[in-house]
Amino acid sequence: MQSIRVFAPGAADVLKFTEVEIAEPERDQVQVKVSLAGVNFIDVYHRRGQYPIPMPESLGSGIGIEGIGELSDGRAVFWLSALGSYAQYINIPETQLTGLPESSLTNEEILPLLCQGMTAHYLVDSAYAVKEGEWALVTAAAGGVGLILTQLLKNRGAHVIALASTPERAEIAKAHGADLVGTYKQIKELTRQATNGAGVEVVFDSVGKDYFDECLEALAPAGMYILYGGASGPVPPFDLMRLNAKSLGIRRPTLATYSATAPERLRRLSELIKLTEGGKLRYPATKVFPLDRAQNAHELLESRTYSGKIGLNPWRI
Ligand SMILES: NC(=O)c1ccc[n+]([C@@H]2O[C@H](COP(=O)([O-])OP(=O)(O)OC[C@H]3O[C@@H](n4cnc5c(N)ncnc54)[C@H](OP(=O)(O)O)[C@@H]3O)[C@@H](O)[C@H]2O)c1
């Protein structure tokens, strides 16, 4: 079968289009024909070696964690955390597979609702239960998770300050419902303007290192800082006493915790599908690359010029 393999960490050109044998599934695994694989920022962290995966890879491992596919009996399934999804077939532990709920959406429309949608969902639903009238500050708001996060916050009655790297990207967040938008350099000014100097109740940050200090300063007393990514690099270790002056909270959540069981995954995805079908959640059309152009897909994701979901079709080469 055709697949993408990584033999050493590095830039996007380490993604190699490679013919490999389809391995027999192990005892707890099921073989799935991959229809569409998602491209996520975590794949970039894996490729760069920022989150280490086995390299040079052993047989059967690979890159890509998310996908939609078909079992041998024709049932449609999805998964969120199985390495090796950039391939025509993947063997996955049965416990990680979930049946795709019935809906009017296509696979391309469902793909953004998997890792990205479910992350946004658990962030506002479980990592921090957002309340009506609260102010939230969202970084990387024009990105995949960011666009959905902004809309879910608005659906729950919160107010949103959305930040991006350029004014043009900030406008994309505005078009998806954010109340106040700007660039990262404007964190202080926008927070003051929105809250009269009181600060925001919650920050959802996936940029990490570059604006950590500014994000902490933007919080109101007893505010909560949720760090769910590190696109600019990991936040260096810091003194917990810095939280003391305003009784701040910090949480570093991961989707794995909040999608551990099939019923939980199904609940989150079903809610997102319902919102989409009801017109309460909008997302740009997924850009699908053929599998042998995985390198271009990563370059686009890292370019910071794109807003929306990127997928790989392993059967269009
Ligand atoms: N913890 C979890 O459970 C979880 C689950 C899924 C995803 N995530 C994280 O959520 C974030 C968003 O994921 P996504 O797949 O939707 O990606 P994405 O938002 O489409 O891409 C990342 C965004 O980060 C911003 N960014 C800021 N500094 C950057 C830098 N130095 N290099 C590159 N980008 C930078 C870019 O927007 P601007 O150019 O506008 O700044 C870019 O759009 C990622 O950091 C990912 O790791 C976390």
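The text that follows walks through the structure, step by step, so that each part is easy to find. (Residues numbered from 1 in each chain as written. Predicted model: local features only at pLDDT ≥ 70, side-chain atom pairs only at ≥ 80, totals over all residues. Heavy atoms only, no water.)

### Things to note about the overall build of the protein chain
Helix and strand counts for the protein chain come out as nine helices and 15 strands. Looking at the protein chain as a whole, 53% of its 317 residues qualify as buried. Taking the intrachain contacts of the protein chain between residues at least 6 apart in sequence as the baseline, contacts between residues at least 24 apart amount to 66%. In the structure as shown, the protein chain presents an accessible area of about 14,100 Å², 52% of it carried by carbon and sulfur atoms. A distance of 4 Å separates the average location of the 31 positive side-chain charges in the protein chain from that of its 35 negative side-chain charges. (Helix = DSSP H or I, 4+ residues; strand = E, 2+ residues; numbered from the N terminus. Buried < 20%, exposed > 50% of the residue type's maximum accessible area, 1.4 Å probe, protein only. Contact = heavy atoms within 4.5 Å. Areas by Shrake-Rupley, 256 points an atom, 1.4 Å probe, with all protein chains shown as cover. Lys, Arg positive; Asp, Glu negative; His and termini not counted. Charge placed at Lys NZ, Arg CZ, Asp CG, Glu CD.)

### Examining the environment of Arg304
Structurally, Arg304 is set in the loop between α9 (294-303) and β15 (310-313). Exposure remark for Arg304: the relative accessible area of 52% places this residue in the exposed category. Along the primary structure Arg304 and Asn244 are separated by 60 residues, whereas in three dimensions their C-alpha atoms are 35 Å apart.

### Digging into the packing of aromatic side chains
When we look at a pair of aromatic rings, we describe it by the centre distance and by the angle of the planes. Enumeration over the complete set of coordinates arrives at seven aromatic pairs. Pairing Tyr122 with Tyr258 gives two aromatic rings, centres 4.6 Å apart and planes at 10°, and the pair type is stacked. Remark: Tyr258 occurs in the loop between β13 (249-251) and α8 (262-277) and Tyr122 occurs in helix α3 (residues 115-127); sequence separation between them is 136 residues. A centroid spacing of 4.9 Å and a plane angle of 25° characterise the contact between Tyr184 and Tyr211, whose relative ring orientation is stacked. Here the residue Tyr184 occupies a position in the loop between β10 (180-183) and α6 (187-195), and Tyr211 occupies one in the loop between β11 (200-205) and α7 (212-217), the gap between them amounting to 27 residues. Here Tyr184 falls in the buried class, since its relative accessible area comes to 8%. (Phe/Tyr/Trp six-rings, centres within 6.5 Å; stacked < 30°, edge-to-face > 60°.)

### Points about unusual backbone geometry
In this structure, Ala140 is a non-glycine residue whose phi angle is positive, near 50°. Mapped onto the elements of the fold, Ala140 is located in the loop between β8 (135-138) and α4 (144-155).

### What to know about the site of the ligand
Near the ligand, the surroundings consist of 26 residues, among which Tyr122, Val145, Ser165, Tyr184 and Leu255 are the closest. Backbone polar atom of Pro253 to a nitrogen atom of the ligand: 3.1 Å apart, as the coordinates give it. In the complex, the protein chains occlude 90% of the 900 Å² of accessible area that the ligand would expose alone. Secondary structure elements with two or more residues in the shell around the ligand: α1 (41-48), α3 and α4. No other element matches the three residues that α3 contributes to the shell around the ligand. Considered class by class, the residues forming the shell around the ligand number 13 nonpolar, ten polar and three charged. (Near = heavy atom within 4 Å. Polar contact = N/O pair within 3.5 Å; in protein donor to acceptor, adjacent residues only side chain to side chain. Nonpolar A, V, L, I, M, F, W, Y, C, P; charged D, E, K, R; others polar.)

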